[in-house]
Amino acid sequence: MKVLYYPYLTLETTSLNKVASCFEEVFVLSPLALRPRFVIPKVKFIEPLPSEWSKKFRSLISQYQIFKQVYTDKSFLEYLKHVPPAQPDFEAMTSLMRFLRGNQVDKPEESFPPEVTCALFLHLARQYSQDIKAIYQSIRLVKQQEENLKQILDSPLETDNTSLLEIKKNLLEINLDYVHPDEDIWPFMDKVLFAFSILLKKAGLDLKMAFTEDEVVHEYLKMRLQKLPYKIFSLILPYPCDNLNYFWNSLLEIYCDGRDYTAVSELLTPYLHNNQGINNSGNISLEIIFVPRHPASDVLKGNLETKETNGIFCLWKGEGYAHKN
């Protein structure tokens, strides 16, 4: 079974190796500059950029890294959240530094092809997502420490010391003011999926099945699918599951009208989360979005025309999963 990784351009090598062991081939849209230097036999890297940009893209990333070292506030990453990745006036590589500093670029002859702009956007969007979540994790830890402190302070204070009583009162009123990074991320995710769709169209890649390890992207895709019928299933599969090609093919070819999922559920019964044993350590956990008559590549490209085959979007939760009924 062939499967497409989306919507970013790179995946941690360890994770990529594990996913590749479970499918016939894994396709990744990735510029030459972002690929690992060693070969992963089952992974097929697809160049989404024009041939003349294959090597120049590395220079583009280097220029941004220089900018990032100088401007540690990472203001461009914040800028990315509010500016669409595709604009009619694509800035050229030679103008990147001025553009990153917020200066206007007025030379239309120095234009980036749309694929280059989208690839740069997706690369930086992944960095932004990782950075902001790391910050959030730190804040969440401090928040937990704050709650623990309040529990201690909330116990009776056996003292007549007015200063200590005042300190206790003030501390108990403290509440960290923070926002989870995912709470305002849907417009940002819309741009991420839009940028990926441009690269996918240019690559001309048509696959029925796609996967991501990013839960935020997976949840956002459910919102994007509101115009189509779909059903969600939680699965536990043996790891590695490269001998399940027949199962995946059957699931993709089974007839479903989008109203009655009985046949689909029966096919999935041996692998459904609720039908598993007590300990599944060493197996993998997947949540799949089953989309009748709409292959994954078509959905990601924005093509909602009905086809003969179904589409599957997997949230890869990893191997070594264990649970109890």
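Residues numbered from 1 in each chain as written. Predicted model: local features only at pLDDT ≥ 70, side-chain atom pairs only at ≥ 80, totals over all residues. Heavy atoms only, no water.

**Q** How would you explain the overall build of the protein chain if you had to name every residue and give the values?
**A** Each helix and strand in the protein chain was counted, giving eleven helices and seven strands. A buried classification covers 46% of the 325 residues belonging to the protein chain. Across the protein chain, every contact between residues at least 6 apart in sequence was considered, and the portion connecting residues at least 24 apart equals 73%. Summed over all atoms, the accessible surface of the protein chain reaches about 16900 Å², with 52% contributed by carbon and sulfur. (Helix = DSSP H or I, 4+ residues; strand = E, 2+ residues; numbered from the N terminus. Buried < 20%, exposed > 50% of the residue type's maximum accessible area, 1.4 Å probe, protein only. Contact = heavy atoms within 4.5 Å. Areas by Shrake-Rupley, 256 points an atom, 1.4 Å probe, with all protein chains shown as cover.)

**Q** Pulling in residues and values, what's your account of the pattern of salt bridges?
**A** Under the criterion given, the structure shown has twelve salt bridges. Residue Asp-257 pairs with Arg-259 through a salt bridge whose shortest N-O separation is 3.5 Å. In this structure, a network of salt bridges that share partners links the residues Lys-2, Glu-25 and Lys-44. (Salt bridge = Lys/Arg side-chain N within 4 Å of Asp/Glu carboxyl O.)

**Q** Describe the packing of aromatic side chains, with residues and values.
**A** Aromatic ring pairs are reported here in terms of the distance separating the ring centres and the angle at which the planes meet. One pass over the full model with this rule turns up eight aromatic pairs. When the centroid spacing of 5.0 Å and the interplanar angle of 55 degrees are considered together, the rings of Phe-247 and Trp-248 count as tilted. Taken as a pair, Phe-247 and Trp-248 share a single burial class, namely buried. Aromatic side chains Tyr-261 and Phe-290 sit 6.3 Å apart centroid to centroid with 80 degrees between the ring planes, which places their arrangement in the edge-to-face category. Of this pair, Tyr-261 sits in the loop between α9 (245-253) and α10 (262-268) while Phe-290 sits in strand β6 (residues 283-291), and the two are 29 residues apart along the sequence. Across the pair, exposure class does not vary: Tyr-261 and Phe-290 are buried alike. Aromatic ring contacts, followed pair by pair, group Phe-23, Phe-247, Trp-248 and Tyr-271 into a single cluster. One Lys or Arg, Lys-56, reaches over the ring of Trp-53 and ends 4.4 Å from the middle of that ring. Directly above the ring of Tyr-261 sits Lys-231, whose terminal nitrogen or CZ lies 5.9 Å from the centroid. (Phe/Tyr/Trp six-rings, centres within 6.5 Å; stacked < 30°, edge-to-face > 60°. Lys NZ or Arg CZ within 6 Å of the ring centre and 35° of its normal.)

**Q** Help me get a handle on the environment of Leu-225, residues and values and all.
**A** Structurally, Leu-225 can be placed in the loop between α8 (215-224) and β5 (231-237). Leu-225 sits in the buried class, given a relative accessible area of 1%. It is 8.7 Å that separates the C-alpha atoms of Leu-225 and Val-291, two residues lying 66 residues apart in sequence. Not counting residues up to four positions away in its chain, the partners in contact with Leu-225 are Tyr-230, Ile-289, Val-291 and Val-299.

**Q** Give a description of the packing of helix α7 (residues 186-203) against α8 that names residues and reports values.
**A** Contact pair α7 / α8: the axes reach a minimum separation of 10 Å and the direction vectors enclose 85 degrees. Classified by the angle their axes make, α7 and α8 are roughly perpendicular. Side by side, α7 and α8 meet where Trp-186, Met-189, Asp-190 and Leu-193 of the first sit next to Val-216, Val-217, Glu-219, Tyr-220, Met-223 and Arg-224 of the second. Classifying every residue of the contact of α7 with α8 by side-chain character gives seven nonpolar, no polar and three charged. (Axes fitted to C-alpha atoms, helices over the stretch in contact; angles between N-to-C directions. Parallel < 35°, antiparallel > 145°, perpendicular 65-115°, else oblique. Nonpolar A, V, L, I, M, F, W, Y, C, P; charged D, E, K, R; others polar.)

**Q** Describe the side chain of Ser-54, with residues and values.
**A** Secondary-structure assignment places Ser-54 in the loop between β3 (43-46) and α2 (56-70). Those residues in contact with Ser-54 that lie beyond four places of it in its chain are Leu-32 and Glu-47.

**Q** Quick one: what's the story with the nonpolar core, residue by residue and with numbers?
**A** In this structure, Phe-23, Val-26, Phe-57, Trp-248 and Phe-313 are the most contacted members of the largest nonpolar core, which totals 87 residues. Setting aside its immediate chain neighbours within four residues, Val-26 contacts Val-3, Leu-16, Val-19, Ala-20, Lys-42, Val-43, Lys-44 and Phe-211. (Core = buried A, V, L, I, M, F, W, Y, C linked by side-chain atoms within 4.5 Å.)

**Q** Just give me the short version of the pairing of strand β1 (residues 2-5), but keep the residues and values in it.
**A** When β1 meets strand β2 (residues 25-29), the two strands line up parallel, connected through three bridges. Residue pairing in the sheet places Val-3 in a bridge with Val-26 of β2. Where β1 lies against strand β4 (residues 209-212), two bridges are found, and the strand directions are parallel. Looking across to β4, one finds that Tyr-5 is bridged to Phe-211. (Pairing = 2+ DSSP bridges.)

**Q** Requested: an account of helix α1 (residues 13-20), with residues and values cited.
**A** Here α1 has its buried residues at Leu-16, Val-19 and Ala-20. Along the axis of α1, the buried positions cluster into a sector of 95 degrees, meaning they face one direction only. (Arc of directions from axis to C-beta.)

**Q** Describe in detail the pairing of β6, supporting the description with residues and values.
**A** Of all nine residues making up β6, eight are buried, and the element is well covered by its neighbours. The pairing of β5 with β6 spans seven bridges and is classified as antiparallel. Of the residues in β6, the one forming a bridge with Leu-235 is Leu-286.

**Q** Hey, could you go over unusual backbone geometry for me, with residue numbers and the actual values?
**A** The omega torsion across Tyr-6 and Pro-7 is -5 degrees, close enough to zero to call that bond cis. Even without being glycine, Arg-293 reaches a positive phi, approximately 65 degrees. Among the structural elements, Arg-293 can be located in the loop between β6 and α11 (296-301). Residue Arg-293 is classed as buried on the basis of its relative accessible area, which comes to 12%.

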